[in-house]
Amino acid sequence: MCNLRNLDLSHNDINGDIEEFIEALSGCNNSTLRWFDSSSNKLGGRLPDSIGSFEYLYWLDLSNNSFLGPLPTSIGNLSRLGKLDLSFNKMSGAIPENIGQLSVVHQLNLYGNSWEGVITENHLQNLTRLRDFSLSSKGNALVFNVEANWIAPFSLFSLALSGCQLPAFPSWLITQVRLSELTISSASISDNIPDWFWRLLPNIWWLDLSHNKLRGELPHTISAFPALHAYNIVLDG
């Protein structure tokens, strides 16, 4: 299997521990694996440090399984990675700061896990090509804490932050003029919705700000959101 470039095992009923399998693949001195998709199976176990040895890997989708434990710090070694999807597993612990070394990643999906600790600007500062970003935690155990004057290095199309603690309404969104989908739910925000927010996001078609303690007034006209359908706005809670 050392000559593999694409490995797609997705949407099967495969079970077992993935650690030994990844260890075996990483033992190839001339590994050229570029695409690894084992999403929507019944795989479990922890991701080993050897996951960071696939230097040519561009696509890594391990979503919808039962992986446990933290994200190995070696993930930062995957300098060619364009997509990382670990959503809907049972992973936990702090997200390593060197995830910010994935400078060409455009899709980063860490949703549906039990992350803990703090996310700061250092996790995100080099992700200049990021377009789709989703992150969630159970029980508000993860704090998304960036400086009020932070200028994001990316321009997102889609952002989902759910179950993460945000100390205030994220003022850095003022630069995200390309957003079409935005979810900031169950984020413990107790703040006013700034006036600029309603004026700055004309392309939104999905907006979920539910289960916070937001204050302020809704815009007087929905014409500010030409792409927004009435059934795609969630503000309750």
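Here the residue numbering is sequential within each chain, running from 1 through the sequence in written order. Local features in a predicted model are, by the rule used here, given only for residues with pLDDT of at least 70; side-chain atom pairs are given and counted only at 80 or more, and totals for whole chains, interfaces and linings are based on all residues. Only heavy atoms go into the side-chain values, all of them from the structure, while hydrogens and water stay out.

Engineer: I'd like a rundown of the overall build of the protein, residues and numbers included.
Structural biologist: Scanning the protein from N- to C-terminus turns up three helices and 19 strands. Taking 2.2 N^0.38 as the reference for a compact globule, 237 residues should give roughly 18 Å; the C-alpha atoms of the protein span a radius of gyration of 19 Å, in line with that estimate. Along the three orthogonal principal directions, the C-alpha set of the protein runs to about 60 × 30 × 30 Å. For every residue, the accessible area (1.4 Å probe, protein chains only) is compared with the maximum for its type, and the residue is labelled buried under 20%, exposed over 50%, or partly exposed between those bounds. Every one of the 237 residues in the protein was classed for burial, and the buried ones make up 50%. By sequence separation, contacts in the protein at least 24 residues apart represent 58% of the contacts at least 6 residues apart. Per-residue and other accessible areas follow the Shrake-Rupley method at a 1.4 Å probe size, with only the shown protein chains counted as cover for residues. Roughly 11100 Å² of accessible area belongs to the protein as shown, and the carbon and sulfur atoms make up 50% of that amount. Under this rule, positive means Lys or Arg and negative means Asp or Glu; His and the chain ends count for nothing. Where a charge lies is defined by one atom per residue type, namely NZ (Lys), CZ (Arg), CG (Asp) and CD (Glu). Each charge class in the protein can be summarised by its mean position, and for the 14 positive and 22 negative side chains these summaries are 4 Å apart. Secondary structure elements are defined from DSSP: runs of H or I of at least 4 residues count as helices, runs of E of at least 2 residues count as strands, and each element is numbered from the N terminus. Both definitions apply: the radius of gyration is a C-alpha atom measure, and the globule rule equals 2.2 Å times residues to the power 0.38. Contacts were defined at the residue level, with two residues in contact if any of their heavy atoms lie within 4.5 Å.

Engineer: Please provide a residue-by-residue account of the sheet that holds strand S14 (residues 164-165), values included.
Structural biologist: Strand pairing requires that DSSP identify at least two bridges connecting the strands. Taken together, the seven strands give an open sheet; going across it, the order is S2-S4-S6-S8-S10-S12-S14, and neighbouring strands pair in parallel fashion. On the outer flanks of this sheet lie strand S2 (15-17) and S14, each paired with one strand and no other. Where strand S12 (residues 142-144) lies against S14, two bridges are found, and the strand directions are parallel. Bridging across to S14, Leu-142 finds its partner in Cys-164.

Engineer: Give me the pattern of salt bridges: which residues, what numbers.
Structural biologist: The salt bridge criterion pairs a side-chain nitrogen of Lys or Arg with a carboxyl oxygen of Asp or Glu, the two atoms within 4 Å. Across all of its chains, the model carries two salt bridges by this definition. For Asp-13, the salt bridge goes to Lys-42, with nearest N and O atoms at 3.0 Å. Highlighted residues: Asp-13 in the loop between strand S1 (6-8) and S2 and Lys-42 in strand S4 (residues 42-46), separated in sequence by 29 residues. Its relative accessible area of 54% is what places Asp-13 among the exposed residues. Among the ionic pairs, Lys-83 bridges to Asp-61, the shortest N-O distance being 3.5 Å. Taken as a pair, Lys-83 in strand S7 (residues 83-85) and Asp-61 in strand S5 (residues 59-61) lie far apart in primary sequence, 22 residues in all. Neither Lys-83 nor Asp-61 differs from the other in exposure class; each is buried.

Engineer: Got a sec to walk through the pairing of strand S10 (residues 114-119)? Specific residues and values, please.
Structural biologist: Taken together, the three bridges between strand S8 (residues 90-94) and S10 define a ladder with parallel strand orientation. The residue bridging Ser-92 from the neighbouring strand is Ser-114, located in S10.

Engineer: Describe the packing of aromatic side chains, with residues and values.
Structural biologist: We call Phe, Tyr and Trp rings a pair once their centres come within 6.5 Å, taking the six-membered ring for Trp, and we label the pair stacked below 30 degrees between planes, edge-to-face above 60, and tilted otherwise. Enumeration according to the criterion identifies 12 aromatic pairs in this entry. On the basis of an interplanar angle of 85° and a centroid distance of 6.0 Å, the ring pair of Phe-154 and Trp-172 is categorised as edge-to-face. Placement of the pair is Phe-154 in the loop between S12 and strand S13 (158-162) and Trp-172 in the loop between S14 and strand S15 (181-185), with a sequence separation of 18 residues. There is no split in this pair, since Phe-154 and Trp-172 are both buried.

Engineer: Any chance you could break down the environment of Pro-70 for me, citing the residues and the numbers?
Structural biologist: Positionally, Pro-70 belongs in the loop between strand S6 (66-69) and S7. For Pro-70 and Lys-90, which are 20 residues apart along the polypeptide, the C-alpha to C-alpha distance reads 9.4 Å. Those residues in contact with Pro-70 that sit more than four places away from it in its chain are Arg-46, Met-91 and Ser-92.

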